[in-house]
Amino acid sequence: MATDTPTKSPEAAAVPPPRPASGTGRDRRGHQRLLTRRDRITLGLMAGVPTLLHVALVWVTALASVLLAFTTWDGIGFDSIKWVGLQNFTQLFQDNPQFWPAVEHNIIWFVVLILVPTPLGLFLAVQLDKRIRFSRVYQTAFFLPVVISMACIGFVWQLVYNPDTGLINSIIGANEPGHYIDWIGDPDLNLWAVLVAASWRHTGYMMILYLAGLKSVDPSLREASALDGANEWQTFRSVVFPTLRPTNTVVLVVTIIEALRAFDLVFVFNKGAQGTELLSILVTNNIIGESSRIGYGSAIAVVLLVISLIVIIPYLIATFRKERRA
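Each value, and the rule that gives it
- Residues numbered from 1 in each chain as written.
- Predicted model: local features only at pLDDT ≥ 70, side-chain atom pairs only at ≥ 80, totals over all residues.
- Heavy atoms only, no water.
- Helix = DSSP H or I, 4+ residues; strand = E, 2+ residues; numbered from the N terminus.
- Buried < 20%, exposed > 50% of the residue type's maximum accessible area, 1.4 Å probe, protein only.
- Contact = heavy atoms within 4.5 Å.
- Phe/Tyr/Trp six-rings, centres within 6.5 Å; stacked < 30°, edge-to-face > 60°.
- Lys NZ or Arg CZ within 6 Å of the ring centre and 35° of its normal.
- 1 Å grid on protein atoms, 1.4 Å probe; cavity = no way out; pocket = protein on both sides within 12 Å on 5 of 7 lines; lining within 4 Å.
- Points joined across faces, edges and corners; volume = space filled by probe spheres on them.
- Nonpolar A, V, L, I, M, F, W, Y, C, P; charged D, E, K, R; others polar.
- Salt bridge = Lys/Arg side-chain N within 4 Å of Asp/Glu carboxyl O.
- Core = buried A, V, L, I, M, F, W, Y, C linked by side-chain atoms within 4.5 Å.
- Expected span 1.5 Å × (residues − 1).
- pLDDT = per-residue confidence, 0-100.
- Patch = residues over 30% accessible without salt bridge, like charges linked within 9 Å, V, L, I, M, F, W, Y side chains within 5 Å.
- Areas by Shrake-Rupley, 256 points an atom, 1.4 Å probe, with all protein chains shown as cover.
- Lys, Arg positive; Asp, Glu negative; His and termini not counted.
- Charge placed at Lys NZ, Arg CZ, Asp CG, Glu CD.

**Q** How should the overall build of the protein be read in this particular structure?
**A** For the protein, the count of helices and strands is 15 helices and two strands. Relative to its full complement of 326 residues, the protein shows a buried share of 34%. Counting contacts in the protein only where the partners sit at least 6 residues apart, residues at least 24 apart contribute 64% of the total.

Rendered as C-alpha cells:
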C-alpha cells in the first residue's frame, strides 16, 4: 500500500522563515546584539564614576596643591588667596630649621627600608617558595602586620618601648629608676625605634611581592641550572634573581613611596617631634591647625612630590629601556 509523502512546492520553499520578535537580542541582519542599552548605561556608570572620583580626588587636588604652593591662604574664603610666587619656597629652604632635618630623616627612612626589611623579605620569600610545611601559616603570620593599620602598629610598639613596663626594657633590665631607656623621648634613639617598627611591617610587604615574583619563574630554568651542576645559591644568583627584575622595580617604587609618605606611625609615637621630623609631618602641621598656612604646606608637599619623581622616573625609564632591548 503506497503512502503519500508531503512535498514542498518551489514557492513554499522560497518563503523566508519568520523573523524573531523584538526583544530577543538580534538585530535586523540576524546578528546577536552583545550589549543592550541598559548594559551600556551600567558599564558607563561603573567606569565613569570611579574615573571621575579619581580625577577629582587625585589629579585635581594635586594640581590645586601645586598652584597653592605659590600663594598664601589661611583656608577661609577663596578671596583671601594671594599670589606670592616663590616666597614660600625661599622661606622653606632658608628660614625653616626643621626642613633639612626632615629631608635627612626621609632619606634615612628609605635607606633603612631598602637595606634591612627588603633583603629580609626576599629571604623569607625564597624559603616559603620551597613549599615547606605550614607555609600558608607562615605567610599569614608574616603578612599580618601589613593589613594592620599603621596607627594600631604605633600603639602596639608604644607598649613595647614603654620605659616602665615595656618588653625591651624588661628584658634588658632598664625599667628601674635611674636606668630607664626612653626609646621614644630620646632624640638619639626615637627615629631608630620608629624604623624598627616600620621595618617589621615592611618585611611582610616585601615578602609577598617577592613571593609573587618567584612563582612566575619558569621551573625549567632551575632544572637546567641544576643539570649544569649549580648549587642552590648559584642558581638563585645567576638564574632566579635576574628574572626578578620587574619585581625589583616594583619593590623600589613601593619602598620610595613608603619612605616619603611615612606619617601615621611617627605621628602616633610623638607627633614628629624631638628628632623624628618628616616632610609629611611638616605638611600636616602647616595645613591643619589654628594658624593654617595652606600655601606654605602645599610648597612642602610639592617638594615631596618633586623628590619622589626625581628618584622614580629615571629608574623606570632605564628599566623599561633595558627590557625593550632584551
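**Q** Please clarify how the packing of aromatic side chains should be interpreted in this entry.
**A** We describe a pair of aromatic rings using the distance from one ring centre to the other and the angle between the two ring planes. Counted according to the given criterion, the structure contains 13 aromatic pairs. Arranged with centres 5.4 Å apart and planes meeting at 50°, the rings of phenylalanine 70 and phenylalanine 89 form a pair that is tilted. Taken together, the residues phenylalanine 70 in the loop between α2 (37-68) and β1 (71-72) and phenylalanine 89 in helix α3 (residues 87-95) connect sequence positions 19 residues apart. Among the aromatic residues, those joined into a cluster by ring pairs are Trp157, Tyr161, Trp183, Trp200 and Phe269. When the ring centre of tyrosine 296 is taken as origin, the NZ or CZ atom of arginine 293, which lies over that ring, is 4.1 Å away.

**Q** When you look at the layout of surface pockets in this model, what are you seeing that I'm missing?
**A** The gaps left among the atoms become clear once a water-sized probe is rolled over them. Within this model, the largest pocket holds a volume of roughly 490 Å³. Going through the elements one at a time, α2, α12 (245-260), α14 (279-287) and α15 (294-325) are the ones with two or more residues in the lining of the largest pocket. The leading source of residues in the lining of the largest pocket is α15, at seven residues. By residue class, the composition of the lining of the largest pocket is twelve nonpolar, four polar and one charged. Lining the second largest pocket are 15 residues, and of these Val126, Lys130, Glu232, Phe236 and Val240 lie nearest its centre. Of all the secondary structure elements, the ones that give two or more residues to the lining of the second largest pocket are α5 (117-128), α10 (219-227) and α11 (232-243).

**Q** Could you clarify how one ought to interpret the pattern of salt bridges in this entry?
**A** Close approach of charged atoms allows side chains with opposite charge to pair. In this structure the tally under the stated criterion is five salt bridges. A salt bridge links arginine 222 to aspartate 129; the nearest nitrogen and oxygen atoms lie 3.2 Å apart. Placement of the pair is arginine 222 in helix α10 and aspartate 129 in the loop between α5 and α6 (135-147), with a sequence separation of 93 residues. Taking relative accessible area as the criterion, arginine 222 reaches 29% and is therefore assigned partly exposed. The exposure class of aspartate 129 is buried, given its relative accessible area of 13%. Two residues, glutamate 258 and arginine 261, come together in a salt bridge whose shortest N-O distance is 2.9 Å. Overlapping salt bridges, with partners in common, bring together Asp129, Lys215 and Arg222 in one network.

**Q** Is there a simple way to explain the environment of leucine 86 in this structure?
**A** Summarising the element assignment, leucine 86 is placed in the loop between β2 (82-83) and α3. Relative accessible area serves as the criterion here: at 57%, leucine 86 is assigned to the exposed category.

**Q** Looking at this structure, I do not really get the nonpolar core. What am I missing?
**A** Looking at soluble globular proteins, one finds that nonpolar side chains tend to be buried together. Ranked by size, the top nonpolar core spans 23 residues in total, and within it Trp109, Trp157, Tyr161, Leu265 and Phe269 carry the most contacts. Breaking this core down by element, the ones donating at least two residues are α4 (99-115), α7 (150-160), α9 (190-215) and α13 (264-270). Looking at which element gives the most residues to this core, the answer is α9, with six residues. In contact with leucine 265, not counting residues within four places along its chain, are Met150, Ile153, Gly154, Val194, Ala197 and Ala198.

**Q** For this particular structure, what's the right way to read α4?
**A** Given 3.6 residues per turn, any residue in an α-helix points the same way as the ones three and four places further on. The terminal C-alpha atoms of α4 lie 25 Å apart, and with 17 residues this matches the ideal 24 Å at 1.5 Å per residue to within 8%. Regarding α4, the residues found buried are Phe99, Ala102, Val103, His105, Asn106, Trp109, Val112 and Leu113.

**Q** What is the right way to look at the confidence of the model for the protein in this model?
**A** When pLDDT drops low, the exact placement of atoms in the prediction is not to be read closely. Model confidence for the protein is summarised by a mean pLDDT of 84, while 89% of its residues fall at 70 or above. Put simply, helix α1 (residues 10-13) is where the protein has its lowest mean pLDDT, 49, and α5 is where it has its highest, 93. pLDDT under 50 marks residues 1-5. Its contacts with residues more than four places away, or in other chains, come to zero contacts.

**Q** What is the right way to read the side chain of histidine 105 from this model?
**A** Note that histidine 105 resides in helix α4. With relative accessibility at 9%, the residue histidine 105 sits in the buried group. In this structure histidine 105 touches Leu191, Gly275, Thr276, Glu277 and Leu278, once residues within four positions along its chain are discounted.

**Q** For this particular structure, what's the right way to read a positive patch on the surface?
**A** A cluster of basic residues, Arg245, Arg321, Lys322, Arg324 and Arg325, forms a positive patch at the surface. With four residues, the top contributor of residues to the positive patch is α15. Position of arginine 245 relative to the elements: it lies in helix α12.

**Q** Got a minute to help me understand α9 in this structure?
**A** Across its 26 residues, α9 extends 38 Å between first and last C-alpha, which sits within 8% of the 38 Å expected from 1.5 Å per residue. Counting buried positions over the 26 residues of α9 gives 19, a clear majority of the element.

**Q** How should unusual backbone geometry be read in this particular structure?
**A** Note: most peptide bonds trans; most residues except glycine with negative phi. The phi dihedral of phenylalanine 134 falls on the positive side, at around 60°, and the residue is not glycine. Tracing the backbone shows phenylalanine 134 in the loop between α5 and α6.

**Q** I'm lost on a nonpolar patch on the surface in this one. Help?
**A** A cluster of nonpolar side chains, Ile41, Leu45, Val49, Leu53, Val55, Leu57, Val58, Trp59 and Val60, forms an exposed patch at the surface whose accessible area comes to about 850 Å². As for its position among the elements, tryptophan 59 is in helix α2.

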